[in-house]
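Geometric and topological summary
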Amino acid sequence: MEPIRVHSGLVYPLNRANVDTDQIIPKQFLKRIERQGFGQFLFYHWRFDEEGEKRDSFTMNKEKYNDASILVAGDNFGCGSSREHAPWAILDYGFKVVIAPSFADIFYNNCVKNGILPVRLTEDETQAIIKKAEHEKLKLTVDLEKQLVVGEKEFNFNFDISDYHKQMLLNGWDEIAVTLTNEDKITAYEQRQQITG
Amino acid sequence: MTQPKTIIEKIWNNHIVHQEPGKPDLLYIDLHLIHEVTSPQAFEGLRMKGRKVRRPELTFATMDHNVPTKQRHIIKDEVSKKQMHTLKENCEEFGVPLADIDHPDQGIVHVIGPELGLTQPGKTIVCGDSHTSTHGAFGALAFGIGTSEVEHVLSTQTLGQAPPKTLEVKVNGKLGTGVTAKDLILAVIAKYGVRFGTGYVIEYTGEAVRNLSMEERMTVCNMSIEAGARAGLISPDDTTIEYLRGRRHVPDGEAFDEAAEKWRALATDEGASYDATVEINADEVEPQVTWGTNPSMCIPVSANVPDPASQEKDYEQDAVERALSYMGLEANQPIDSVEIEHVFIGSCTNSRLSDLKKAAEIVRGRKVHDKVTALVVPGSKTVKEQAEAEGLDVIFKTAGFEWRDAGCSMCLAMNDDIVPPGERCASTSNRNFEGRQGNGARTHLVSPEMAAAAALEGHFVDVRKYTNTAVNR
Ligand code: SF4
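Predicted, not measured: the structure shown is a model, and the values here were computed from it.

About the thresholds
- Residues numbered from 1 in each chain as written.
- Chains lettered and ligands numbered in written order.
- Predicted model: local features only at pLDDT ≥ 70, side-chain atom pairs only at ≥ 80, totals over all residues.
- Heavy atoms only, no water.
- Helix = DSSP H or I, 4+ residues; strand = E, 2+ residues; numbered from the N terminus.
- Buried < 20%, exposed > 50% of the residue type's maximum accessible area, 1.4 Å probe, protein only.
- Contact = heavy atoms within 4.5 Å.
- Areas by Shrake-Rupley, 256 points an atom, 1.4 Å probe, with all protein chains shown as cover.
- Buried area = accessible area lost by both parts, 1.4 Å probe.
- Salt bridge = Lys/Arg side-chain N within 4 Å of Asp/Glu carboxyl O.
- Polar contact = N/O pair within 3.5 Å; in protein donor to acceptor, adjacent residues only side chain to side chain.
- Phe/Tyr/Trp six-rings, centres within 6.5 Å; stacked < 30°, edge-to-face > 60°.
- Pairing = 2+ DSSP bridges.
- Axes fitted to C-alpha atoms, helices over the stretch in contact; angles between N-to-C directions.

Concerning the overall build of chain B
Within chain B, the secondary structure is distributed over 16 helices and 19 strands. Taking the principal axes of its C-alpha atoms as reference, chain B extends roughly 55 × 55 × 50 Å. In chain B, which comprises 473 residues, the proportion classed as buried is 65%. Counting contacts in chain B only where the partners sit at least 6 residues apart, residues at least 24 apart contribute 76% of the total. Summing over all exposed atoms, chain B offers an accessible surface of approximately 16,500 Å²; the carbon and sulfur share of this is 48%.

A short note on the interface of chain A and chain B
Counting from both sides, the interface comprises 54 residues of chain A and, opposite them, 64 residues of chain B. Buried area between chain A and chain B, summed over both chains or domains, comes out near 4,900 Å², and the portion from carbon and sulfur atoms is 52%. Taken as a group, A:Lys27, A:Lys31 and A:Ile33 account for 15% of the area that chain A buries against chain B, more than any other trio of residues on that side. Counting the contacts that link chain A with chain B gives 10 salt bridges. Salt-bridge contacts for B:Glu151 lead to A:Arg35; the nearest nitrogen and oxygen are separated by 2.9 Å. Linking chain A with chain B are 30 residue pairs in polar contact (both at pLDDT 80 or more), by the criterion used here. Listing elements by their share of the side of chain A that touches chain B, those giving two or more residues are helix H1 (21-24), helix H2 (44-47), helix H3 (85-93), helix H4 (105-112), helix H7 (175-180) and helix H8 (183-192) of chain A. Looking at the side of chain A that touches chain B element by element, the count peaks at seven residues for H8(A).

What about the packing of aromatic side chains?
What describes a pair of aromatic rings is the distance from one ring centre to the other and the angle between the planes of the rings. Residues and elements named next belong to chain A. For the structure on display, the rule yields 24 aromatic pairs over all chains. Judged by centre distance (5.1 Å) and plane angle (70 degrees), the rings of Tyr-12 and Tyr-65 are edge-to-face. With Tyr-12 in strand S1 (residues 6-14) and Tyr-65 in the loop between H2 and strand S2 (68-73), the pair connects residues that are 53 residues apart, well separated along the chain. Tyr-12 sits in the buried class, given a relative accessible area of 0%. By relative accessible area, Tyr-65 is classed as buried at 6%. Considering the side-chain rings of Phe-29 and Phe-41, the 4.0 Å spacing of their centres and the 5 degrees angle between planes classify their relative orientation as stacked. Taken together, the positions of Phe-29 in the loop between H1 and H2 and Phe-41 in the loop between H1 and H2 put the pair 12 residues apart, joining distant regions of the chain. Each member of the pair, Phe-29 as well as Phe-41, is classed as buried.

Side note on the sheet that holds strand S1 (residues 16-18) of chain B
Ordered in space as S1-S2-S8 (chain B), the three strands form an open sheet in which the pairing is antiparallel. Each edge of the open sheet carries a strand with a single partner, namely S1 and strand S8 (158-161) of chain B. The sheet shows a mean angle of 45 degrees between the axes of neighbouring strands, direction not considered. On top of the sheet, H8(A) reaches S1, strand S2 (25-28) and S8 of chain B; it is set at about 145 degrees to S1(B), its chief contact. On the sheet, helix H1 (residues 7-14) of chain B packs against S1, S2 and S8 of chain B and is oriented at approximately 40 degrees with respect to S1(B).

Dropping the structure here:
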């Protein structure tokens, strides 16, 4: 997993609440057995029509958002299915940071495990960013160490993240390797519970 | 005296392998269920690092999401075929027991776990699937995980988890005739929204919950995730214990009595406190129909579809407008005037024997409406066999339903069971998200009884019209 410390990039604003993982990556693309290559299917039915042509009505297709790497969306982002294909698609498409007032629990975890930084800001802060980015190219810098989101001219928002998630993202840890340093404790637990194999 | 505890805290404390300040607790996992869609990348991860499955015997795999439900062995989609084949190879390589498409135990992962007695009170249960919350019906702590976590559990049989907050959903009073567990959970989500459970584990309590059968409890716990809660459970009682007696993976004889003692002791203590409590009165719940594109967009069958203009905030207006437009509905339209083309009775929410029986009661001796295509997809091969032994297949087929093989099917339409664009389906599943049952498909979530009645009439109808005559007969 790639560590993430400070990320600067352009914002793509998606002013919708309750964006579910079925929208982030529709089920017909879950059949692959690899982790890579899901970016092309991100928000597939919103981005493309039945013929596979780009929909003009979906703002992500606008040229000004082509290089966006920070996705800013409404409340309860990533609800629904546990599919990790959702963060894989987001990352593969080129987003490194997702900002929203709240995230679904499983999705939030899945982001952290893939080196995507999920940032919770307040509803008002999120709306302020979205409104700005809908009208102009907006660049933000997200500093994980300082837990800050700052704009070039405006915006200076703090965000909360648990220390553990922060360290995981900063260091790009392999969590399994970390757990296996406690293997003796797992074995001891199994012996106490008489779990034998 | 020890502090009274909730079942959630008791199970948690029993499973702590390791605790360190500033880190999540390392929890032991008693049962890891696996299916073909969310596991291939996890096994690949193990292979890349040269890791093993620590406890294959605590792991159990099946195929459900992709499997065809008719002409079982003709899998047209090469990618689906490969995914199923990959699961088989992975299970062989790592020694994980598998109920594959030909196995008599095959079925939807959340139907077969309980059926085989793998699901038991007090266990920690995970699966790369958000509806793992279903198993909470037994008083187990069961939750969905991502593929990286699947890999973590395969390799270590543990998972790092921050202790959850506890939320009591208390259901007072009794459900009325013709009002089901599905209506109850839909009404709870309609009342409190799709994220009131985020960050919490729910315990369902109260008279109406105690009165539910095991299968009804599974329906309720199944949809905890639709309220944002990763897990939802119910303290074990006699209903739980009697359901488990005699199941394959449950101890028998004296060992069963001992286990039952322990299970009973897990129930939440008198006077234990929760971080939050919400309540609902069961006698106020009517049969429900969802009108929109998430499960909280739900109204009683007697009500009208909402009007965007009556929403307070502009983004709420937008959300209602977008949902109505996707669903092809008018503001203020009575929901029982909405005509449907498809009916799907199935999914891990409502595909167990009692679900099929109740739907069959409505259908018996009647005919599916001319313009409706109706499907019954039993949750497992065992459910299918039991239903056939009781003649339910004949009732459904005579009425004009298709009678299929076990799988997820039209719940998420990863196989060939797809609702075409713009068409409308009364579905007993759990998600009415855009495109869930097919690109452009319009899903209305209902109980099996409501789905059966809609199949007969071609539009939504208050099923109590039928259940009352059933009582009179
Ligand atoms: S039936 Fe539907 S919700 Fe249940 S496991 Fe299968 S796809 Fe998921």
